[in-house]
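Residue-level structure breakdown
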Amino acid sequence: MGRLTVNIYRTMAKGFVYMVWNGEHFIGEIDHYGLQTLLSKDDYDKVKNNTRTKFLLDIDKLQQYVKPPKYKY
């Protein structure tokens, strides 16, 4: 099982949607329910209190919860 370092940004224009990036590569979007499942409680609180944070996450879990965006920015 591989791991990937990702940045998670809160999307100000859409409520409860977060963008997931790997460096300059946009991976997709995740809603707050998926984010709560993906992260621990402490890590989820960091995302809520900051506009962006960096995490080392399992690639399999990322593929399960992170979806391509419904709309283009």
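This text goes with the structure placed above it.
Residues numbered from 1 in each chain as written. Predicted model: local features only at pLDDT ≥ 70, side-chain atom pairs only at ≥ 80, totals over all residues. Heavy atoms only, no water.

**Looking at the side chain of Thr53**
Our working rule: Runs of H or I in DSSP of at least four residues are treated as helices and runs of E of at least two as strands, each being numbered from the N terminus. What makes two residues a contact is simply this: any of their non-hydrogen atoms within 4.5 Å.
Relative to the elements of secondary structure, Thr53 occurs in strand β4 (residues 52–58). Contacts of Thr53, omitting those with residues within four sequence positions, involve Val6, Asn7, Ile8, Lys46 and Val47.

**Things to note about the packing of aromatic side chains**
As a reminder of what qualifies: Classification of ring pairs rests on two measures: the distance between centres of Phe, Tyr or Trp rings, Trp counted by its six-membered ring, which must be within 6.5 Å, and the angle between planes, read as stacked under 30 degrees, edge-to-face over 60 and tilted in between. Throughout, exposure labels follow a simple rule: accessible area from a 1.4 Å probe, protein chains only, divided by the maximum for the residue type, with under 20% read as buried, over 50% as exposed, and the rest as partly exposed.
This model, assessed by the stated rule, comprises one aromatic pair. Relative to Phe26, the ring of Trp21 has its centre 5.0 Å away and its plane inclined at 55 degrees; by these criteria the two rings are tilted. In this structure Trp21 comes out as partly exposed when scored by relative accessible area, which is 24%. For Phe26, a relative accessible area of 22% gives the class partly exposed.

**Remarks on the pattern of salt bridges**
Short version of the rule: Counted as salt bridges are all cases of a side-chain nitrogen of Lys or Arg within 4 Å of a carboxyl oxygen of Asp or Glu.
One pass over the structure, following the stated rule, counts three salt bridges. A salt bridge links Lys41 to Asp45, with the shortest nitrogen-to-oxygen separation between them at 3.2 Å. Separated by four residues within a single helix, Lys41 and Asp45 lie in helix α2 (residues 41–49), roughly one turn from each other. Judged by relative accessible area, Asp45 falls into the partly exposed class, the value being 24%. A salt bridge links Lys46 to Asp43; its shortest N-O distance comes to 3.8 Å. Of this pair, Lys46 and Asp43 both sit in helix α2, three residues apart, which is roughly one turn of the helix. Here Lys46 falls in the partly exposed class, since its relative accessible area comes to 43%. Asp43 sits in the partly exposed class, given a relative accessible area of 21%.

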